[in-house]
Amino acid sequence: MRQHSRSDWTVQESQMVTKVEREKAALAKAEAAVAEKKKLIAKLEAEELEKNLDKAIKSLGKEDALAILEAAAKLKPETAIKRLNGS
């Protein structure tokens with residue numbers, strides 16, 4: 001049976017470190033991609049909310065929409081939503 005010299009172990013350890021470093025780099029890259037996706041989703045959600053608000057204002061008229069928003073600002077948001085839903 002062949003004995004492993006210290007240099008054999010050093011090479012193996014070096015290869016393991018390299019593999020660990022590659023995996024860490026891959027993880028960091030994936031985490032950055034996830035962060036970018038979250039930002040994109042938040043932006044798309046904000047755009048969708050703005051579109052929906054514009055549609056609601058258009059269907060109600062500016063004066064009625066403003067009156068509802070002012071009343072909702074004075075109430076708890078949950079209360080305003082329940083009232084708008086007819087609950």
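Residues numbered from 1 in each chain as written. Predicted model: local features only at pLDDT ≥ 70, side-chain atom pairs only at ≥ 80, totals over all residues. Heavy atoms only, no water.

**So, the pattern of salt bridges**
Basically, it comes down to this: Salt bridge, as used here: a side-chain nitrogen of Lys or Arg that lies within 4 Å of a carboxyl oxygen of Asp or Glu. Only runs of H or I of at least four residues qualify as helices and only runs of E of at least two qualify as strands under DSSP, and these elements are numbered from the N terminus. Only protein chains enter the area calculation, which uses a 1.4 Å probe; residues under 20% of their type maximum are buried, those over 50% are exposed, and those in between are partly exposed.
In this structure the tally under the stated criterion is one salt bridge. Between glutamate 36 and lysine 39 there is a salt bridge, with its nearest N and O atoms 3.7 Å apart. Of this pair, glutamate 36 and lysine 39 both sit in helix α1 (residues 6-60), three residues apart, roughly one helical turn. Among the residues examined, lysine 39 registers a relative accessible area of 54% and is labelled exposed.

**Some words on the layout of surface pockets**
Worth spelling out the cut-off: Of the two site types, the cavity is a set of points on a 1 Å grid over the protein atoms alone where a 1.4 Å probe fits but cannot get out, and the pocket is an open set with protein on both sides within 12 Å along at least five of seven lines, each lined by residues with an atom within 4 Å of a point. Grid points are joined across faces, edges and corners, and a volume is the space filled by probe spheres set on the points.
For the largest pocket, the calculated volume is near 340 Å³. Lining the largest pocket are 15 residues, and of these Leu53, Ala56, Ile68, Leu69 and Leu84 lie nearest its centre. Counting residues per element, the ones that place at least two in the lining of the largest pocket are α1, α2 (62-74) and α3 (77-84). No other element matches α1, which puts seven residues into the lining of the largest pocket.

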